[in-house]
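Coordinate analysis (summary)
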Number of protein chains: 2
Amino acid sequence: MRHVIALDVGGTGMKAALIGVDGAVLHRARRATGRERGADAVVETILGFAAELSAHGEEHFGEPAAAAGVAVPGIVDAQRGVAAYAANLGWRDVPLRDLLSSRLGGVPVALGHDVRTGGLAEGRIGAGRGTDRFLFVALGTGIAGAIGIDGVVEAGAHGFAGEIGHIVVRPGGMPCPCGQHGCLERLASASAVGEAWAGACGDPDADAADCAKAVESGDPRAAAVWQGAVDALADGLVTALTLLDPRTLIIGGGLAGAGETLFTPLRAAVEQRVTFQKLPSIVPAALGDSAGCLGAGLLARDLLGTTETDPETDPENDPSPTPTPQSPIPTPPSEVTT
Amino acid sequence: MRHVIALDVGGTGMKAALIGVDGAVLHRARRATGRERGADAVVETILGFAAELSAHGEEHFGEPAAAAGVAVPGIVDAQRGVAAYAANLGWRDVPLRDLLSSRLGGVPVALGHDVRTGGLAEGRIGAGRGTDRFLFVALGTGIAGAIGIDGVVEAGAHGFAGEIGHIVVRPGGMPCPCGQHGCLERLASASAVGEAWAGACGDPDADAADCAKAVESGDPRAAAVWQGAVDALADGLVTALTLLDPRTLIIGGGLAGAGETLFTPLRAAVEQRVTFQKLPSIVPAALGDSAGCLGAGLLARDLLGTTETDPETDPENDPSPTPTPQSPIPTPPSEVTT
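Residues numbered from 1 in each chain as written. Chains lettered and ligands numbered in written order. Predicted model: local features only at pLDDT ≥ 70, side-chain atom pairs only at ≥ 80, totals over all residues. Heavy atoms only, no water.

Re the packing of helix 7 (residues 220-244) of chain B against helix 8 (residues 260-273) of chain B
All names here are of chain B. Packing of helix 7 against helix 8 leaves a shortest axis separation of 9 Å and a crossing angle of 50°. Judged by the angle between their axes, helix 7 and helix 8 are oblique. Considering the relative orientation of helix 7 and helix 8, their crossing is right-handed. Facing helix 7, whose interface residues are W226, Q227, V230, D231, L233, A234, D235, L237, V238 and L241, helix 8 presents T261, L262, P265, L266, A269, V270 and R273. When its residues are assigned to classes, the contact of helix 7 with helix 8 shows twelve nonpolar, two polar and three charged. (Axes fitted to C-alpha atoms, helices over the stretch in contact; angles between N-to-C directions. Helix = DSSP H or I, 4+ residues; strand = E, 2+ residues; numbered from the N terminus. Parallel < 35°, antiparallel > 145°, perpendicular 65-115°, else oblique. Left-handed = near helix turned anticlockwise from the far one by under 90°. Contact = heavy atoms within 4.5 Å. Nonpolar A, V, L, I, M, F, W, Y, C, P; charged D, E, K, R; others polar.)

Overview of the confidence of the model for chain A
Should pLDDT be low for a region, the predicted coordinates there are not to be read in detail. Residue and element names in this part refer to chain A. Per-residue pLDDT for chain A averages 91, and the proportion of residues at 70 or more is 90%. Segment residues 307-324: pLDDT under 50, and 56 contacts once partners within four positions in sequence are set aside and those in other chains are kept. pLDDT under 50 marks residues 326-338. Its contacts with residues more than four places away, or in other chains, come to 42 contacts. (pLDDT = per-residue confidence, 0-100.)

Some details on the interface of chain A and chain B
Counting residues at the interface gives 38 residues for chain A, matched by 38 residues for chain B. When chain A packs against chain B, the two sides together hide about 3,200 Å² of surface, and 64% of this comes from carbon and sulfur. For the pair chain A and chain B, the interface holds two salt bridges. For E154 of chain B, the salt bridge identified is with R133 of chain A, shortest N-O distance 2.5 Å. At the junction of chain A with chain B, the criterion picks out 20 residue pairs in polar contact (both at pLDDT 80 or more). Looking at the side of chain A that touches chain B, the elements that each hand over two or more residues are strand 10 (143-149) and helix 7 (220-244) of chain A. Residue composition of the side of chain A that touches chain B, grouped by class: 19 nonpolar, eleven polar and eight charged. (Buried area = accessible area lost by both parts, 1.4 Å probe. Salt bridge = Lys/Arg side-chain N within 4 Å of Asp/Glu carboxyl O. Polar contact = N/O pair within 3.5 Å; in protein donor to acceptor, adjacent residues only side chain to side chain.)

Focus: the sheet that holds strand 13 (residues 281-284) of chain B
Residue and element names in this part refer to chain B. The five strands lie next to each other as 11-10-9-12-13, forming an open sheet whose pairing is mixed. The open sheet has two free edges, formed respectively by strand 11 (152-154) and strand 13, since each of these has just one partner strand. Between one strand axis and the next, the sheet turns by 25° as a mean value, whatever way the strands run. Strand direction decides the pairing type here: strand 9 (residues 133-139) and strand 10 (residues 143-149), joined by seven bridges, are antiparallel. Along strand 10, the bridge assignment pairs L139 with I143. (Pairing = 2+ DSSP bridges.)

Let's talk about the domain arrangement of chain A
Residue and element names in this part refer to chain A. For chain A, the domain assignment lists domain 1 (3-118 + 287-303) and domain 2 (131-284). In this structure, domain 1 and domain 2 have C-alpha centres spaced 28 Å apart. Listed per partner, the contact involves five residues of domain 1 and eleven residues of domain 2. Together, the buried faces of domain 1 and domain 2 total about 660 Å²; carbon and sulfur atoms form 66% of this surface. On the domain 1 side of the interface with domain 2, the three residues burying the most area are I75, V115 and R116, jointly 80% of the side's total. (Domains from an automatic or database assignment.)

Considerations on the pairing of strand 4 (residues 67-72) of chain B
Residue and element names in this part refer to chain B. For strand 4, a buried count of six out of six residues is recorded, marking the element as mostly surrounded by other parts of the structure. Alternating positions in strand 4 separate into two faces, A67, G69 and A71 on one and A68, V70 and V72 on the other, with burial throughout. Alignment of strand 1 (residues 3-9) against strand 4, held across five bridges, turns out to be parallel. Bridge pairing in strand 4 links I5 to A68. Examined bridge by bridge, strand 4 and strand 8 (residues 109-113) share five bridges and lie parallel to one another. Bridged to V70 within strand 8 is L111. (Buried < 20%, exposed > 50% of the residue type's maximum accessible area, 1.4 Å probe, protein only.)

Rendered as structure tokens:
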């Protein structure tokens, strides 16, 4: 059966799948990234994992994979197939596309940025299915976005497009590790909400999910922290939709796990702000932490010139947190906090 | 000779051209829009003008135009070929594409938004020639933009993309007729600079060009007004480049007529703000007020599946003001003020 390899490389773990050209998920696998062993070892682990997946496909589905897609964090030059920079993997200018293609006997390989690749999957086969224009925003340790136009995610001239976490929503506000002040990421990421709530409630271990629970139980301090984040997020989203005019805003990442505790006030705050702009629908991400891997499969299938039919999102797919966006700046890697 | 009709409809005048499929401008013409005669009369004037241009082509170049492109102000649904709304022409849902095609004997017609169409020309054959990704920003009575990606200008889901004039750069700031507060347009348009300078110098007729002259002659009050506009503009541009990662920022409109009085401090202000973002080149628009008409020609030629070679920008082309962006909100129409 004709199929592709899909691989999503995270700071801690890698998720992989073999996906039929019709979109059916034929096989899933996971492996530790093992970044403590160094940058070169991570590359070798990826290549070995991909080769095993190829062998598995040959054994169980009668032929080796016809293409491969891989999503990686950091700064990605998709056109040259190079992982330009990934702080948490120690990478600089790793020609991953060519390395993988060569290890897989010359099959075509596509390389993508993790959040943009996850956004591609959400836009084409997830929460944005059928929409022509979407903005996917992942609220995790950081905040990153993916701009989808006619089935393609815009990478920008240098692979930096979609960095909505670093638009300034509070001029002169809190310093951001990126060097600016008042960035959205410092106000509305899961980390920022967790920090603000830890400070407000006095429990240094409290995180964004705890804040959401406290909001639900009627704690006014939590409500104040939460509304501050919602207001900042609405400001950032309205700026983005004024520029981009998307039909759908897809919100994922750890903070989106709060469900209507987030979406109800967020929709109200966006609606309150728009004037002449068209209000997009604001929906939660649907693919959970499979988005990156499914997106990598789409990149691979695009290389074959196939178009997706109904995709498989298999039952083990947990519909909560979407991938943590990686900051474009060197910050300590961490997992989604809620 | 195979050619197309290009037509740029402004609030006061229309500019037209016959353009060869190689990009050569074969013929130019102008006509008053005559909006005082009402919405339907303007449509009829356009149709009649186009028919005359077609007849001129048939007579002088041996065949009628093979396609037509037309740029109009307001809100444009390019996909359906409908001029959805234009306050200064009194238009609502005018099916201009089909009307024109029918008047021209069935030739294919493309309809575009004036600023986006002008931006297309700047990006493909003007200041951004050869660039894969650009943002064109026109600083006129209002501020509007065009997002160019791989030779196409992004219209958005509802025809609103590029409205950089209405991103909020000063939260809680000056009210904007659009209903928001602190919009970029209220701070850095030619009109806003003119108003601020008129207030500062006490001459109610002073405009943005007068302010630029006063800056050049060392007037400190003018310098303060000017720097305020430059700072706001830099804030807005940095927000846009953080989201979009363009390779080139093309600045046009009346305010860009100030040349290095604008560009030197603007480049410095943008450079000072960016941290991890890649600095795009910041260049003045090159096509002057021909951009909309030349862009309409590109839309028409795209319908024929031709690709441009070296374009003609003829000698009468004045390289100063680019088209005044139309606000998406109903404001009294006026021409570029500098």
